[in-house]
Amino acid sequence: MLRTERGLHMKNVALIVAAGRGSRMMQSMPKQYLPLNNKMILTHTINLFTSHESIDVVMVVINKDDQFLYDKAVIDINSPKLLPPEYGGYTRAVSVRLGLAGLRNKSPQNVIIHDAARPLCPPNLLDAVLDPLSSYDGAFAALPVIDALWKIDNGCANYSINRENVWRAQTPQAFNFHKIFAAHLHGDGSAKDDVEVALLSKLNIKAIHGSEVNFKITTPEDLNRAAAYLEDN
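Note on numbering: residues in each chain are counted from 1, in written sequence order. The predicted nature of this model means local features are confined to residues of pLDDT at least 70 and side-chain atom pairs, given and counted, to a pLDDT of 80 or more, with totals for whole chains, interfaces and linings taken over all residues. Side-chain measures here rest on the full set of heavy atoms in the structure, leaving out hydrogens and waters.

Trainee: Teacher, can you tell me more about the packing of helix H3 (residues 92–103) against helix H5 (residues 177–186) here?
Mentor: The axes of two packed helices give the description: the angle between them and the distance between them. One can describe the packing of H3 onto H5 by two numbers: an axis separation of 10 Å at closest approach and a directional angle of 135°. Considering their axes alone, H3 and H5 lie oblique with respect to each other. Of the two possible hands of crossing, H3 and H5 adopt the one that is left-handed. Facing Ala93, Val96, Arg97, Leu100, Ala101 and Leu103 of H3, the residues of H5 in contact are Phe177, Ile180, Phe181, His184 and Leu185. Residues that form the contact of H3 with H5 fall into these classes: nine nonpolar, one polar and one charged. Axis angles are defined between N-to-C directions and span 0 to 180 degrees, where every axis is a line fitted to C-alpha atoms and, for a helix, only to the segment in contact. The way it works is that DSSP assigns letters per residue, a run of H or I at least four long becomes a helix, a run of E at least two long becomes a strand, and they are numbered from the N terminus. Here is the rule for angles: anything less than 35 degrees is roughly parallel, anything more than 145 is roughly antiparallel, 65 through 115 is roughly perpendicular, and the remaining ranges are oblique. We call a crossing left-handed when the near helix sits turned anticlockwise from the far one by less than a right angle, and right-handed when that turn is clockwise. Contacts are assigned to residue pairs that have any heavy atoms within 4.5 Å of one another. In this classification, Asp, Glu, Lys and Arg are treated as charged, Ala, Val, Leu, Ile, Met, Phe, Trp, Tyr, Cys and Pro as nonpolar, and every other residue, Gly included, as polar.

Trainee: Teacher, can you tell me more about the sheet that holds strand E11 (residues 205–209) here?
Mentor: Strand pairing within a sheet occurs via backbone hydrogen bonds; the two strands may be parallel or antiparallel. Pairing is mixed in the open sheet, where seven strands are placed in the order E5-E4-E1-E6-E10-E7-E11. Each edge of the sheet is formed by a strand with only one pairing partner; in this case those strands are strand E5 (86–87) and E11. Criterion used throughout: strands pair if DSSP finds at least two bridges between them. Pairing of strand E4 (residues 57–62) with E5, which is carried by two bridges, proceeds in the parallel orientation. What sits directly across from Ile62, in E5, is Tyr87. Running at roughly 175° to strand E1 (residues 12–18), helix H1 (residues 41–50) makes contact with E1, E4 and strand E6 (110–115) of the sheet. Lying on the sheet, H3 is in contact with E1, E4, E5, E6 and strand E10 (167–176); it crosses E1 at an angle near 145°.

Trainee: What's the story with H5 in this structure? I'm lost.
Mentor: Residue pairs spaced three or four apart in an α-helix point in one direction, given the helix's 3.6 residues per turn. Throughout, exposure labels follow a simple rule: accessible area from a 1.4 Å probe, protein chains only, divided by the maximum for the residue type, with under 20% read as buried, over 50% as exposed, and the rest as partly exposed. Turning to H5, its buried residues number three or more, namely Phe177, Ile180, Phe181, Ala183 and His184. Taken around the axis of H5, the buried residues stretch over an arc of 160°, which confines them to a single face. With respect to the buried face of H5, the exposed residues turned more than 90 degrees away are Leu185 and His186. Where H5 is buried, its residues touch E1, H3, E6, E10 and helix H6 (194–200). Two or three places before His178, at the start of H5, stands the capping residue Asn176, its side-chain oxygen 3.2 Å from that residue's backbone nitrogen. By construction, the arc corresponds to the directions joining the helix axis to the C-beta atoms. Pairs of N or O atoms within 3.5 Å make up the polar contacts considered here, provided that, within protein, one atom can donate a hydrogen while the other can accept it, and that residues adjacent in sequence are counted only when both atoms are side-chain atoms.

Trainee: Where do I start with the pairing of strand E8 (residues 149–153) in this structure?
Mentor: Consecutive residues of a regular strand have side chains that alternate between opposite faces of the sheet. As defined by bridge partners, E8 adjoins strand E9 (residues 156–161) across five bridges and the pair is classed as antiparallel. Bridging across to E9, Ile152 finds its partner in Ala157. What sits between the antiparallel neighbours E8 and E9 is a turn of two residues, in which Asn154 has the positive phi angle 55°.

Trainee: Can you help me understand H3 in this one?
Mentor: Compared with an ideal rise of 1.5 Å per residue, which puts twelve residues at 16 Å, H3 spans 17 Å between its outermost C-alpha atoms and is within 8% of the ideal. Among all positions of H3, only Ala93, Val94, Ser95, Val96, Gly99, Leu100 and Leu103 are buried. Tucked inside the fold, the buried residues of H3 contact E1, E4, E5, E6, H5 and H6. By this rule the span expected of a helix is its residue count minus one, scaled by 1.5 Å.

Trainee: Help me out: how do you make sense of the environment of Asp188 in this one?
Mentor: Locating Asp188 in the fold gives a position in the loop between H5 and H6. Classification of Asp188 by relative accessible area gives exposed; the value is 60%. Taking the C-alpha atoms as reference, Asp188 lies 24 Å from Ala142; in sequence the two are 46 residues apart. A distance of 2.6 Å separates a polar atom in the side chain of Asp188 from a polar atom in the side chain of Ser190.

Trainee: How should the environment of Ala93 be read in this particular structure?
Mentor: Mapped onto the fold, Ala93 is located in helix H3. Taking the relative accessible area as the measure of exposure, Ala93 reaches 6% and is therefore buried. Remark: the alpha-carbon pair of Ala93 and Asn37, spanning 56 residues in sequence, is separated by 30 Å. Contact partners of Ala93, with chain neighbours within four places excluded, come to His184, Gly189, Ser190 and Ala191.

Here is the structure:
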């Protein structure tokens, strides 16, 4: 762990992206604040990072209209690692850029960026994406596509898509802090994830085998699946 005497120089910081609205959940409340086994989804995700010994500091990017919900999510979290939240922007990429700007005064070496809606991420996956950063600018969790892929037009199969060497991205995604922040400063805010931002700046990014448990809660069925997993584990 790399710190100055005053604890201002951090090796690994975490940025949790929680500014989205989650419309596919079909709930009036943003999905990251929905209950999952007696805690909010976001609470589970924050606890994952504050309890991990490789993470020095945790910050959450939230929607400015969700401050009250965020306060409820963290009311029982007493970790000194958790910083006050940063308000996000109109896209995910803008929200990440604003979060990184809020962390730069900590002079971190690396940053892990993670979606709030992936609360079941195995802790060892955090170490797995951090490990390559001595040789790569970034690393991200992903899983190879094993199903047949089809282009669908008007509800009908049109043509198959070659799945060879096609992987589906997850978070966490870890990067050299200064390189990914610089990449975001040059971006236009339209990128779907931070790997896209990094590649546009020609950073070299390593894919790490992710986990099926690390699924993103997007629909009511996903929420039920996550609840069942926690009950069984």
